Amino acid sequence: MLHLVIADSELELAPKSIVDHPAIVNYAKRRNKKPEEVLLDSTYHHSALKKLEDGERRGRPDIVHVCLLNALESIANKEGKLRVYVHTRNDEVIYIKPETRIPRNYNRFVGLMESLFKNGVVPEGLELLRMEEKSLAELIDEIKPDGVFVMHENGESMKPQEFGKVLAGLQSPLVVVGGFPHGDFRSEIPGKKISLYKAPLMAWTVVNEIIINFEHWVL
Ligand SMILES: C[S@@+](CC[C@H](N)C(=O)[O-])C[C@H]1O[C@@H](n2cnc3c(N)ncnc32)[C@H](O)[C@@H]1O
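Because the structure is a prediction, the values reported are computed rather than measured.

Draft legend 1. Here's a closer look at the sheet that holds strand 4 (residues 121-122). Strand order across the open sheet formed by eight strands is 4-5-3-2-1-7-6-8, with mixed pairing between neighbours. Of all the strands in the sheet, the pair left with one neighbour each is strand 4 and strand 8 (192-195). In this structure, strand 6 (residues 147-157) lies alongside strand 7 (residues 173-178), joined through four bridges in parallel fashion. Paired with Gly147 across the two strands is Pro173, which belongs to strand 7. Sheet strands in contact with helix 6 (residues 136-143) are strand 1 (2-9), strand 2 (82-88), strand 3 (92-96), strand 6 and strand 7, and its direction is about 170 degrees off that of strand 1. In the packing of helix 7 (residues 160-168) onto the sheet, contacts are made with strand 1, strand 6, strand 7 and strand 8, and the angle to strand 6 comes to roughly 165 degrees.

Right, here's the structure in full:
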């Protein structure tokens, strides 16, 4: 079983310090929501983000959306060989049941995440998604993997297919991919840094490379 963690993801509600900013207030009004209940989104809240620390990398639910669509629709997931988790910049972890169908539509995905932040689980009853306060280190401790790998552009260079073979040779490997657009991980991560290519890649490209090359050896 491969455990895939999208880590330090830029997924959060509009922080308290900017809920009075017109960009957030007007956006919330348009969507009939309270300002403190809307997901921070750089596409709509650009001017408010300038007031935040790390504002240039925050408010990127789209990265999590595309990574989840790719991972959960993969053959490895359909074959029961994958578990996917999202860890956020504020140390929340989202546990995702493998049978979850993530909405293809971005606006519907945003609505789903907002109700997850509000209620802790969605949908009520089925609990396909569950959110808990947890650091990345605590999540890794809980999973007890027999290998931890951190995808990093400055890591040890390995061809994707070779990396897939390494993963397939383990019982319960865990791979960490950064769910942010710029810069480095905020969390301390115990694990071997691996680079799959000589230049920076998008998080969802790395997710796809990992899964497809793992599948190559295990299916
Ligand atoms: C868009 S990148 C993060 C930002 C990147 N440091 C930059 O400034 O362009 C998202 C994630 O993809 C993974 N990644 C990006 N390039 C990679 C590479 N060449 N090899 C392995 N993983 C990579 C890392 O996990 C990284 O955190």
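The discussion continues.
Draft legend 2. Highlighting the layout of surface pockets. Of the volumes computed, that of the largest pocket is approximately 510 Å³. Lining the largest pocket are 24 residues, and of these Glu153, Pro200, Leu201, Met202 and Ala203 lie nearest its centre. When residues of the lining of the largest pocket are traced back to their parent elements, those giving at least two are strand 6, strand 7, strand 8 and helix 8 (203-218). Of the residues belonging to the lining of the largest pocket, the class tally is 16 nonpolar, five polar and three charged.

Draft legend 3. Structural detail: the site of the ligand. Around the ligand lies a shell of 19 residues, among which Met151, Glu153, Gly183, Ala199 and Leu201 are the nearest. Contact between the ligand and Met151: an oxygen atom at 2.6 Å from a main-chain N or O atom of the residue. Within the contact set of the ligand, an oxygen atom lies 3.0 Å away from a backbone nitrogen or oxygen of Gly178. Calculation on the ligand without its partners gives an accessible area of 570 Å², and the protein chains cover 89% of this total.

Draft legend 4. Structural view of the packing of helix 3 (residues 61-72) against helix 8. Across the interface, helix 3 lies against helix 8 with an axial gap of 9 Å and an inter-helix angle of 15 degrees. On the basis of the axis angle, helix 3 is roughly parallel to helix 8. The two elements helix 3 and helix 8 meet at a crossing, and its hand is right-handed. Between helix 3, through Ile63, Val66, Cys67, Asn70 and Ala71, and helix 8, the contact on the second element is made entirely by Ala203, Trp204, Val207, Asn208 and Ile211. In terms of residue class, the contact of helix 3 with helix 8 is made up of eight nonpolar, two polar and no charged.

Definitions and limits used
Position numbers for residues count from 1 along each chain, tracking the sequence in the order it is written. A pLDDT threshold of at least 70 governs which residues receive local features in this predicted model, and a stricter bar of 80 or more applies before side-chain atom pairs are shown or counted, although totals over entire chains, interfaces and linings include all residues. Computation of side-chain values: all heavy atoms of the structure, hydrogens and water removed. For two strands to be treated as a pair, DSSP must find no fewer than two bridges joining them. The numbering of helices and of strands both runs from the N terminus, where a helix is a DSSP run of H or I of at least 4 residues and a strand a run of E of at least 2. The contact criterion used throughout is that any non-hydrogen atoms of two residues lie within 4.5 Å. Axis geometry follows a simple rule: fit a line to the C-alpha atoms, using only the stretch in contact for helices, then measure angles between N-to-C directions, giving values from 0 to 180 degrees. Residues are said to line a cavity or pocket when one of their atoms sits within 4 Å of a point; the points come from a 1 Å grid over protein atoms alone, cavities being sets where a 1.4 Å probe fits but cannot get out and pockets being open sets with protein on both sides within 12 Å along at least five of seven lines. Grid points are joined across faces, edges and corners, and a volume is the space filled by probe spheres set on the points. Each residue receives one of three labels: charged for Asp, Glu, Lys and Arg, nonpolar for Ala, Val, Leu, Ile, Met, Phe, Trp, Tyr, Cys and Pro, and polar for the others, Gly being one of them. The cutoff for a nearby residue is simple: one of its non-hydrogen atoms must lie within 4 Å of the molecule or strand. What qualifies as a polar contact is a pair of N or O atoms within 3.5 Å, subject to a donor-acceptor requirement within protein and to the restriction that residues adjacent in sequence count only when both atoms come from side chains. All accessibility values rest on the Shrake-Rupley procedure with a 1.4 Å probe; residue burial counts only the protein chains present in the view. Every angle not falling under 35 degrees, over 145, or within 65 to 115 is termed oblique; those three ranges are roughly parallel, roughly antiparallel and roughly perpendicular. The handedness criterion is simple: a crossing whose near helix is rotated anticlockwise from the far helix by less than a right angle is left-handed, and one whose near helix is rotated clockwise is right-handed.

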